[in-house]
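Analysis of the macromolecular model
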Amino acid sequence: MRYASLGSGSKGNATLVATDNGVVLVDCGFSVRETVRRLARLRCNPEDLDAILVTHEHSDHIRGVVPLARKYGLPVFMTAGTAKAVSSCRDVIAHEVNPHRSLSLAGFDIIPVAVPHDAREPVQYIFRAGGNSLGILTDLGCITPHVIDAYRECDGLLLEANHDVGMLANGPYPPSLKRRVGGRWGHLSNDQAAALLAALGPERIQSLVLAHISEKNNARELVSAAVAPHTAAVGNLTYACQAQGFPWQTLL
Ligand SMILES: [Zn+2]
Ligand SMILES: [Zn+2]
């Protein structure tokens, strides 16, 4: 299994998960033209995609989903709550994701995991194929027992480290947005990401990507310092960014 990102952060997210048998795009927060350009950077065409899987309806995840699906005839998978929040799914083949049931898609077993985030029915996903397990986990305000249970087995993990608590407090956001981002239905701080790694037991993780890193309220050195106590045994540590995402990572 391998995975890569077209871009990661509050201005747009999209992640590719692939095997030799299938390619799934998780979220698409970019315009169609930008998505095609960024796919090409990863040597991928829209025609290669089997489906789009959606985590939730915030614009940094959904902006390009319906236009891309329409243009290339791609099926879209999302929870009923997310579908309700999407203004128009006309001419799109939409499938409902039940957050309590795994789905088989493009050769993957995919496990949705409900997360605390201020959207209608947000989920994150774990992909299984060929003996590997890849967890995608961004856009959650706090760590729940359900999340720890679900992600314990992952040997690849794309994990949110959204903000440094001090930078957010002293940064440019208005007070209401600071409360939202830092709250239990917002985003994971560096310290929360580190605590989650400690809870999961990072020895098993061969590939870790820290993602959805705020450009205004975080810095790579702060992410790195926060997770350092838990990443000594991690095979490959990568930082996703808004402009470039990250290149293909392979799980063996
Ligand atoms: Zn987001
Ligand atoms: Zn969100």
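These remarks concern the structure in this document. None of the values given here were measured: they were computed from a predicted structure.

Some remarks on the coordination of the zinc ion (ligand 2)
Only His56 (NE2), His58 (ND1), His117 (NE2) and Asp139 (OD) from the protein reach the zinc ion (ligand 2) as donors, at distances of 2.2 to 2.5 Å. Because the angles between the four donor atoms bound to the zinc ion (ligand 2) fall within 92 to 170°, the donor set is best described as irregular. Spacing between the donor residues of the zinc ion (ligand 2) along their common chain follows H-x1-H-x58-H-x21-D.

What about the layout of surface pockets?
Roughly 190 Å³ of internal volume is contained in the largest pocket. For the lining of the largest pocket, the element with the most residues is helix H7 (residues 175-182), which contributes three residues. When the residues that make up the lining of the largest pocket are grouped by side-chain class, the tally is four nonpolar, seven polar and three charged.

Some words on the coordination of the zinc ion (ligand 1)
Geometrically, a metal with four donors at the corners of a regular tetrahedron has ideal angles of 109.5 degrees, and one with six donors at the corners of a regular octahedron has ideal angles of 90 or 180 degrees. Looking at the metal site, the zinc ion (ligand 1) is ligated by Asp60 (OD), His61 (NE2), Asp139 (OD) and His212 (NE2), spaced 2.1 to 2.2 Å from it. Angles of 93 to 158° at the metal separate the four donor atoms of the zinc ion (ligand 1), which places the site in the irregular class. Look at where the donors of the zinc ion (ligand 1) fall in the sequence and you get D-H-x77-D-x72-H. Here the zinc ion (ligand 1) and the zinc ion (ligand 2) are spaced 3.6 Å apart, and both take Asp139 as a donor. Of this pair, Asp60 sits in helix H2 (residues 59-62) while Asp139 sits in the loop between strand E10 (132-137) and helix H5 (145-151), and the two are 79 residues apart along the sequence. A residue is classified by how much of its surface remains accessible, and Asp60, at 9% relative accessible area, is buried. On the basis of relative accessible area, Asp139 is assigned to the buried category, the value being 1%.

Looking at the pattern of salt bridges
Taken as a whole and judged by the stated rule, the model has eight salt bridges. In this structure, Arg38 and Glu34 form a salt bridge, with 2.7 Å as the shortest nitrogen-oxygen distance. A residue pair is termed a helical-turn pair when its members lie 3 or 4 positions apart in one helix, as Arg38 and Glu34 do in helix H1 (residues 32-41) at four residues. For Arg38, a relative accessible area of 9% puts it in the buried group.

A word on the packing of helix H8 (residues 190-200) against helix H9 (residues 220-227)
At their nearest, the axes of H8 and H9 sit 8 Å apart, and the two run at 30° to each other. If you check the angle between H8 and H9, you find them roughly parallel. Between H8 and H9 lies a crossing of right-handed hand. Residues Asn190, Asp191, Ala194 and Leu197 of H8 touch H9, and the partners they reach there are Leu222, Val223, Ala226 and Val227. The residue inventory of the contact of H8 with H9, partitioned by class, reads six nonpolar, one polar and one charged.

Digging into the packing of H1 against helix H3 (residues 65-72)
Remark: H1 packs on H3, axes separated minimally by 9 Å, with the N-to-C direction vectors making an angle of 75°. Classified by the interaxial angle, the pair formed by H1 and H3 is roughly perpendicular. On H3, the residues touching Val32, Thr35 and Val36 of H1 are Pro67, Leu68, Lys71 and Tyr72. Looking at the contact of H1 with H3 residue by residue, the class counts come to five nonpolar, one polar and one charged.

Some thoughts on the nonpolar core
Within the largest apolar cluster, 27 residues are counted, with the highest numbers of intra-cluster contacts made by Leu137, Val147, Tyr151, Leu157 and Leu159. Elements with a minimum of two residues in this core: H5, strand E11 (156-160), H8, strand E12 (207-211) and H9. With five residues, the single largest contributor to this core is H8. Apart from residues lying up to four places away in sequence, Val147 is in contact with Val113, Ala114, Val115, Leu137, Leu140 and Leu196.

Some points on the sheet that holds E12
Reading across from one edge, E7-E8-E9-E10-E11-E12-E13 is the order of the seven strands in this open sheet, with mixed pairing throughout. Every interior strand has two partners, whereas the edge strands, strand E7 (103-105) and strand E13 (236-239), have only one. Neighbour-to-neighbour, the strand axes of the sheet open up by a mean angle of 20°, direction not taken into account. The pairing of strand E9 (residues 123-129) with E10 spans five bridges and is antiparallel. Bridging across to E10, Arg128 finds its partner in Ser133. Along the sheet, H8 makes contact with E10, E11 and E12, crossing E11 at roughly 150°.

The rules behind the values
- Residues numbered from 1 in each chain as written.
- Chains lettered and ligands numbered in written order.
- Predicted model: local features only at pLDDT ≥ 70, side-chain atom pairs only at ≥ 80, totals over all residues.
- Heavy atoms only, no water.
- Donors = N, O, S within 2.8 Å, 3.2 Å for Na, K, Ca; no water.
- Tetrahedral: all angles 85-135°; square planar, octahedral: opposite > 155°, others 65-115°.
- 1 Å grid on protein atoms, 1.4 Å probe; cavity = no way out; pocket = protein on both sides within 12 Å on 5 of 7 lines; lining within 4 Å.
- Points joined across faces, edges and corners; volume = space filled by probe spheres on them.
- Helix = DSSP H or I, 4+ residues; strand = E, 2+ residues; numbered from the N terminus.
- Nonpolar A, V, L, I, M, F, W, Y, C, P; charged D, E, K, R; others polar.
- Buried < 20%, exposed > 50% of the residue type's maximum accessible area, 1.4 Å probe, protein only.
- Salt bridge = Lys/Arg side-chain N within 4 Å of Asp/Glu carboxyl O.
- Axes fitted to C-alpha atoms, helices over the stretch in contact; angles between N-to-C directions.
- Parallel < 35°, antiparallel > 145°, perpendicular 65-115°, else oblique.
- Left-handed = near helix turned anticlockwise from the far one by under 90°.
- Contact = heavy atoms within 4.5 Å.
- Core = buried A, V, L, I, M, F, W, Y, C linked by side-chain atoms within 4.5 Å.
- Pairing = 2+ DSSP bridges.

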